[in-house]
Amino acid sequence: EPEVTQTPSHQVTQMGQEVILRCVPISNHLYFYWYRQILGQKVEFLVSFYNNEISEKSEIFDDQFSVERPDGSNFTLKIRSTKLEDSAMYFCASSEVAQPQHFGDGTRLSIL
Amino acid sequence: AQSVTQPDIHITVSEGASLELRCNYSYGATPYLFWYVQSPGQGLQLLLKYFSGDTLVQGIKGFEAEFKRSQSSFNLRKPSVHWSDAAEYFCAVGAPYNTDKLIFGTGTRLQVFP
């Protein structure tokens, strides 16, 4: 069964550094998403992306965050200057139509 | 605004016992409803979904859920739990025609004793 693939599985970064989280969505999917889960908290929506542009973003998704689909297969989340509170599990999801969304295994981001 | 409540933070059952995980939602119309499961160190796996039609939906791994409009609920059930079902279970709500994002509940951690 096709899967959403995320790399790396764990990223450790110094505060203030830029980080790029990578995702390969399921190949025929058109809608892409990023969510995050701070340890012990609920999964929160960050951003949705369709037709090469952001379709919706949450209040969490401020100017420090950006998303890109640089080629036909990858979908990336960039955090420009990381803060301690960015430490979380970041999930990429994709869908053929808006629902249902299929999630990857996540990237655990640790900010030191 | 949409919201999802999972009243049980932690549930413990014996292997072979039946299971029901509760989920209540708040939304002005009929939402899309989902249950996801997260095993330790893993991502979110879709168990089942409800969009419309038959209010009792079947999912993978022997799970089912029932949409009850009058109670704004979408409880997850399994008649006989296996040790491998130990995981965190998340109920999620989508708002058709309004937004693509999913709103998740806080999750219920299921522990299974032999």
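Our subject is the structure listed above.
Now for a quick tour of the structure.

Definitions and cut-offs
Residues numbered from 1 in each chain as written. Chains lettered and ligands numbered in written order. Predicted model: local features only at pLDDT ≥ 70, side-chain atom pairs only at ≥ 80, totals over all residues. Heavy atoms only, no water. Helix = DSSP H or I, 4+ residues; strand = E, 2+ residues; numbered from the N terminus. Rg over C-alpha atoms; globule rule 2.2 N^0.38 Å. Buried < 20%, exposed > 50% of the residue type's maximum accessible area, 1.4 Å probe, protein only. Contact = heavy atoms within 4.5 Å. Phe/Tyr/Trp six-rings, centres within 6.5 Å; stacked < 30°, edge-to-face > 60°.

**Brief notes about the overall build of chain A**
So, step 1. The secondary structure content of chain A amounts to zero helices and 11 strands.
So, step 2. Tracing chain A from N to C terminus, the helices and strands come up as β-β-β-β-β-β-β-β-β-β-β.
So, step 3. Rg of the C-alpha trace for chain A: 13 Å, near the compact-globule value of 13 Å for 112 residues, within the 12% margin.
So, step 4. Its C-alpha atoms give chain A principal-axis dimensions of about 35 × 25 × 25 Å.
So, step 5. Evaluated residue by residue, chain A yields a buried proportion of 48% over its 112 residues.
So, step 6. A separation threshold of at least 6 residues defines the contact pool for chain A, and within that pool the share at least 24 residues apart is 53%.

**Here we look at the packing of aromatic side chains**
So, step 1. Taken as a whole, this structure holds 21 aromatic pairs over all chains when the rule is applied.
So, step 2. Pairing A:Y35 with B:F104 gives two aromatic rings, centres 5.8 Å apart and planes at 85 degrees, and the pair type is edge-to-face. Highlighted residues: A:Y35 in strand β4 (residues 31-37) and B:F104 in strand β11 (residues 102-104), drawn from two different chains. There is no split in this pair, since A:Y35 and B:F104 are both buried.
So, step 3. Both rings, one in B:F34 and one in B:Y36, keep their centres 6.3 Å apart while their planes meet at 35 degrees; by these two values the pair is tilted. The two residues B:F34 and B:Y36 agree in class, both being buried.
So, step 4. Joined through ring pairs, the aromatic side chains of A:Y33, A:Y35, A:F45, A:F91, A:F103, B:Y32, B:F34, B:Y36, B:F51, B:F90 and B:F104 make up one cluster.

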